[in-house]
Structure formats: C-alpha cells, structure tokens
Amino acid sequence: MRFEFQHRKLSVDELLYKEEKAYGFVEQSWFYPVRQVSLEDMFCGEQGIYTTGEHFQAYYKNENEYNYGGMIFRYRVQAGTFHIKVKLTEDSAPVSIGITGMQGEKLEREFPWNPAGTVLQKCRAYWSDRTWSYDYVSGNGVIDVEIEPKSALDMRIGVEYIEIVELEEAVETLGRPTIFTLGDSTAQSFIYEEAIMSGWGQLFDDYFDLDRVNVVNYSMGGRSLKNMYQEGRFNDLMLCAKRGDILLLQSGHNDESRDEVKGMHTRFGRGNDEKTYTRWLEEVFIPATRMKGVELIFVTSMTRIDSDKTGEEVVFAGFQYSEEPKVHFPGIMKRIGAKYEIPVIDLYERSVAYLRELGGVAAKGMFLAVEAGETPGKTNSGSYANGNPSGCCDGTHSKEALSKQWARLILLEILEKKLSPLQYMKRSVVKALESGDERALYPEISVDVLTGENAYYRNQIERLIRMRVMCQDENGCFYPKQVISEREFADALERMWQIQFDEECAESALTRERMACLVLEAYVQRFGKNTEGNWNKLVYMTDYNGVNVSPDSPYYDPNLDGESAQYYPLVTWQHIEDRDEISEGCQAAMREVYELGLMRSECGIERGKMMNGTLMEPGKPVTKEKAAKELYFLSVLTHDVKEENDAL
C-alpha cells in the first residue's frame, strides 16, 4: 500500500493514526524505549508532509537518547515480510530511517555479520533518488516507520510518500534446513586476530552432518536481545530463514548492562530489565519465528565466575550470584519458555554444576585469564601478548577448552530432551554423548590436566593434541609438569610448521636458551628475511595490534573495550637482569627471539595483568605445559587474522 502526501488537501489531523483505519502518524514510538516526537510541527505542503522540529525540544532529554524528533508513521497489518519505501521531498534535510525501534544508520552499513566475513547480509537499507528501501519481518503486525533528521541543526524534513508492500513468502522448503545460533560473545565465532577467545557457536557445525543441514552462527559480542534486534541482525536472520529451520537463541549477559551510555535507559543501549526482556521475547522474537515457521529453542546464558577471587572453590558472578541484586535472565527465559511451550536448554544450571565439579583453579585457566606470552591475538583494546589489557581476569569469556564444554552441555540437553537438532547430529557424536565419557567426544582431553594446577594450560595442551603437534600416552596422560626433551620440542615444531631441522636434536632436557635457538631456527625456515635482510614480521607483530575497533563496527565487543596495548615486550632486552647467564652460543638467538616477541619472561608474570618479568632463566628446564604454551603462541602466527580460530 502506498501512502501519498504530495498535493494533499487534507489536514494533518486527517493523517494521524486511528485504530479503525490502522495507519497514520503518531507522537510516540511503539516499542521500548518509547520515543516522543511533536505532532504540532507537522504540516502539509505542495511536495509532501513536513515537520520542522520547532516544538521538539520539549521532548529532548539528553544526548544518550539519540532522539532528534522527526515523524513516526504507523501501519498495523497482519504478520508478514514487507518491502518498505520512503521517498523524501526535494527540500528535505538529510534523515535517518529506522523501522519499529531499529537503528536507521546501522541498517545502511554493508558489513558481514561475523568477523570472518562468512555470514553475509541478506538485506540492507539503501538510498536511490531520495528513496529509502528496506525489507522487514514483522511478527507482531506493528510497523513504525521512524524518520528523523540526522542533526539537531536542520530538523525540517519532508516526505512525498511511504510505501509498505507485503512480500510473498517463499513456500520452498527443499534443500538443507539450517540451524541458526544467535547470541553474544560467549557464542560468537572468533577469528585468529582474537586468538585464544572462543565461543560455543563457532564449534557447533562440527557436531552435525553438514550434508543434511547447514549451521550458521549469527552471534556477536556485546549483543543483548535489544541491540541484536535494533542493528538489524535478527531481522536479517529472519529474512534468510525458511519454514523448518531452527534457531537457538541465547541472551542474558549484555542484558545486564546498566551504565549511562550503554544501559537499559538509552535508546540504543544494551540493557534490559525483567519487563523489557520479557517484551523482547514475547512481542518480537517469538512472534517473528512463529510467523516464519522457524522452530525457536531458548538457551540460557552460562554463569560467570569472579576469576579474581577464585581459589580452590569457584566463586560465581552475575545473575543471582552478583554482589548487587540483578535480574535473573536465565530464570525469565525458562519461565517464558514454559508459558509458550518453547524448548529451553538450561546451560546456566549445567554450567554451574560443571564448574563446581571442576574447581576454581582449573576454571580460571579455561576462562579468559590471560598472562604474557599466551597469545599474539588482540582485543578491541590491543594485543594480548603481554597479558590482558583490561588488567583483570575475565570470568565471562572463554578459551576453546571451555567453549567446547559449553557446546557439549548444549548437545547433551538436545539429546536428553530429544530436541529437533538431534535428527541432524552426527551418529558418532550421539554415541559419544550417550557414553557419558567426555573424552569420547573430545579425545584430546588428558586425564591428568583436568583439575588444580595441572589444568593451568589445559587450553593450549588440548589444542596442540588436536593439531597432532603434541600427544598423550596410551592412558590419556600428558604429564604437564614433566620436563620436555630438545628432540620432543623440535619434533613438535617440525610437525606444526612443516619444517625440517638441519641437525639431529639431543634427547637431553630442553632449557629455555635452547628453546630460543630452536624457535629462531624454525622462524627463519618458516618466515625468513626480506630482501633487505630484515625479519619478515607477521601482521600480529606490528602496530596493527594497537588499532582499536570502532564502536560503530559490527565486530565491536564493548565487553573488551580498554586502553591500547602493543605486541612487543614491555621490558627491553637491556633491562633483562640475567642476560650474562646465557650461554655464548645462545646469546644472539635468545635476544632475537625476545625482541621479536616470540618468547617472554616466565618469571614474575601474572594472569589478568599486563606484566612482563625481567628474568629469562636461560638454564631452566622447560616443562611440557610451558612448551605447550610456547607452541600455541607460535601456531597462531601462521594463520590469517580473518580465519576462524577453530580451524586447525
């Protein structure tokens, strides 16, 4: 239906919304947070309908509201998918247009939905000849076309017509169905740029028969129910989805946001309270999926831990474990699931039970508690190479060793509750889950690296075993505190980087200075020098690590925002206190390796701190877990920064 406004002889009053005609202009937006505009400023002209914003200041609160007035046109229709057009008059000021609470400017940006660029936009808003167009899935039948000036300096806007046309839904259900996952950073697919971080959603495709089903992860850090809708992410997923598809929806951590800029009271913030969280589910997500014929499955958010306080026992954080009363979003999700007969995977309760059994020391190492030398990857705030730039142990985000456990717990509930994704699960995965032995699903798990101090580098150990760079014995033991030999370390480097050392290495214990020599020789073979005789430095080893991700980017995760941090060691070589203890034959190699950032002091560093030590301990024997830490760091360097970091 097209609503024409040019050359009208009707008064503005006749263009206002009335329930009996189900369309017209309104002074208040439909969904939270409610936005006011001024109907007093509207008038009909030769070219269309206008508003001046003259009386709008009465509704303006503060800059965090992002409200510049304009006009809101409402159309109540049956649920469906619609193509929406808005044509401006020739004399209109520039405008931003959003639909039913969506963030107009973000709808116009052409970005893939994930950092690897593998989940592409189905539809974005675009302009042509003063005409704005967008496709929108409305599950509740309310369409608010929100047209507002881009600046408070020029608020005169004019509209020739608004056109809202229902699109025919494709009834085609042939081809593979799709399992979609939509959540926050705990479910996100991370890339090698962010290496050591992992989300359960990026591993999910490993467990399903991809000849029978597609698995697509729409998750992204910093997203709550509110902003995964407002930025167009959920709408785009719905445009891609077809009848018979499945959506696993997780949200809770970012819904807790309460600060002034990103919190629940700002228009485009992240936060929710019980009322608004309930409304998002009941009035947006549930109606849209049901209208599209997509099976919705709720996944409650896993617990957080306070990893700065964790000792032998886990100290939980977030939701009901918070020091200050917060909304228990997993509980709300379970209540709504029961009310609407939507299956609920209770990852929250399972995560609490799993971590209690694991113990505090082991849990801390599996969450994002990062020390110097663990990874060359970066966050929004710079490199992790010298430790976590935020200066704390992150008890929300996880390494792969933990994210795959979250995936296992989700799969167990799918199996036990016989949910629809079960029909597409690999038979080998089903058998492994039925066995009750997590090593049947993850044979890289070592039985002596599960709890206590032995689990400190569990993530690196399991990853290197998966890569077949390191190995267990026949009993599934890794012996993390055992000293590794030169030969074993050299063999691991050869397997990892497909190189061949010129000389046979000794079976004697590997010392840190000999490790430096082997690492340098391997680096020379793998990456070499340029024509000018300088080292070929990889992208991780440059100022690239100091470039923050803009908050406007769809890849921005506000959980990881902090100060810029560089890759290279914080302590210069001249300030290393035991340089004189290095053997003459290893002096040059150890310095080169240190200054390239390939090895750091292991003495005086601390999880969650950007902290370097001043002792290289050249003669100290290297344990297998410390070798695993070094090999993992080196393994990341060979990958393209935009490659998903679960790729081996």
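Along each chain, residue indices are assigned from 1 in the same order as the chain's sequence is written. pLDDT decides what is reported in this predicted model: residues at 70 or higher carry local features, side-chain atom pairs at 80 or more are listed and counted, and totals for whole chains, interfaces and linings draw on all residues regardless. Side-chain figures throughout are based on the complete set of non-hydrogen atoms in the structure, without hydrogens or water.

A closer look at the state of the cysteines
At step 1: Pairs of cysteine sulfur atoms within 2.5 Å are what we label disulfides. Per the counting criterion, the structure on display carries 0 disulfides.
At step 2: Of the cysteine sulfurs around Cys517, a residue in no disulfide, the closest is that of Cys586, at 3.3 Å.
At step 3: Three exposure classes are used, based on accessible area relative to the maximum for each residue type with a 1.4 Å probe and protein chains only: buried under 20%, partly exposed in between, and exposed over 50%. When its relative accessible area of 15% is taken as the criterion, Cys517 is described as buried.

Details of unusual backbone geometry
At step 1: A positive phi angle, near 70°, is found at Ala22, a position not held by glycine.
At step 2: By definition, any uninterrupted DSSP run of H or I lasting at least four residues is a helix, any uninterrupted run of E lasting at least two residues is a strand, and each is numbered from the N terminus. Position of Ala22 relative to the elements: it lies in the loop between strand S1 (2-4) and strand S2 (23-26).
At step 3: Residue classification places Ala22 among the buried positions, given a relative accessible area of 18%.

Description of the nonpolar core
At step 1: One finds Val145, Trp200, Phe204, Phe285 and Leu355 to be the most contacted residues of the largest nonpolar core, which totals 122 residues.
At step 2: Tallying contributions element by element places helix H9 (residues 400-416) first for this core, with 10 residues.
At step 3: We call two residues in contact when some of their heavy atoms are within 4.5 Å. If we skip the residues at most four places from it in the chain, Leu355 touches Thr303, Ile305, Val314, Phe316, Ala363, Phe367, Leu402 and Trp406. Grouping buried Ala, Val, Leu, Ile, Met, Phe, Trp, Tyr and Cys residues that are joined through side-chain atoms within 4.5 Å yields what is termed a nonpolar core.

Some remarks on the sheet that holds strand S7 (residues 95-99)
At step 1: The 4 strands lie next to each other as S2-S5-S10-S7, forming an open sheet whose pairing is antiparallel. The sheet is open, and its two edges are formed by S2 and S7, each paired on a single side. Mean inter-strand twist for the sheet, computed between neighbouring axes without regard to direction, equals 20°.
At step 2: For two strands to count as paired, DSSP must find a minimum of two bridges between them. Pairing analysis gives 4 bridges linking S2 to strand S5 (residues 71-76), with the strands arranged antiparallel. Looking at S5, one finds that Gly24 is bridged to Arg74. Only the contacting stretch of a helix is used when fitting its axis, a line to C-alpha atoms as for every element, and angles between N-to-C directions run 0 to 180 degrees.

What to know about the environment of Asp211
At step 1: Turning to its location among the elements, Asp211 is positioned in the loop between helix H2 (200-203) and strand S13 (214-217).
At step 2: Of the residues examined, Asp211 reaches a relative accessible area of 68% and is grouped as exposed.
At step 3: Between the alpha carbons of Asp211 and Leu182 there is a distance of 22 Å; along the sequence they are 29 residues apart.

So, the packing of H9 against helix H12 (residues 458-466)
At step 1: H12 packs onto H9 with a crossing angle of 80° between their chain directions and a minimal axis gap of 8 Å. Classified by the interaxial angle, the pair formed by H9 and H12 is roughly perpendicular. Along its contact with H9, which presents Glu400, Ala401, Lys404 and Gln405, the element H12 presents Arg458, Asn459, Glu462, Arg463 and Arg466.
At step 2: Residues are grouped as follows: nonpolar covers Ala, Val, Leu, Ile, Met, Phe, Trp, Tyr, Cys and Pro; charged covers Asp, Glu, Lys and Arg; every other residue, Gly included, is treated as polar. Among the residues forming the contact of H9 with H12, the class breakdown is 1 nonpolar, 2 polar and 6 charged. To sort the angles, those under 35 degrees are grouped as roughly parallel, those over 145 as roughly antiparallel, those from 65 to 115 as roughly perpendicular, and the leftovers as oblique.

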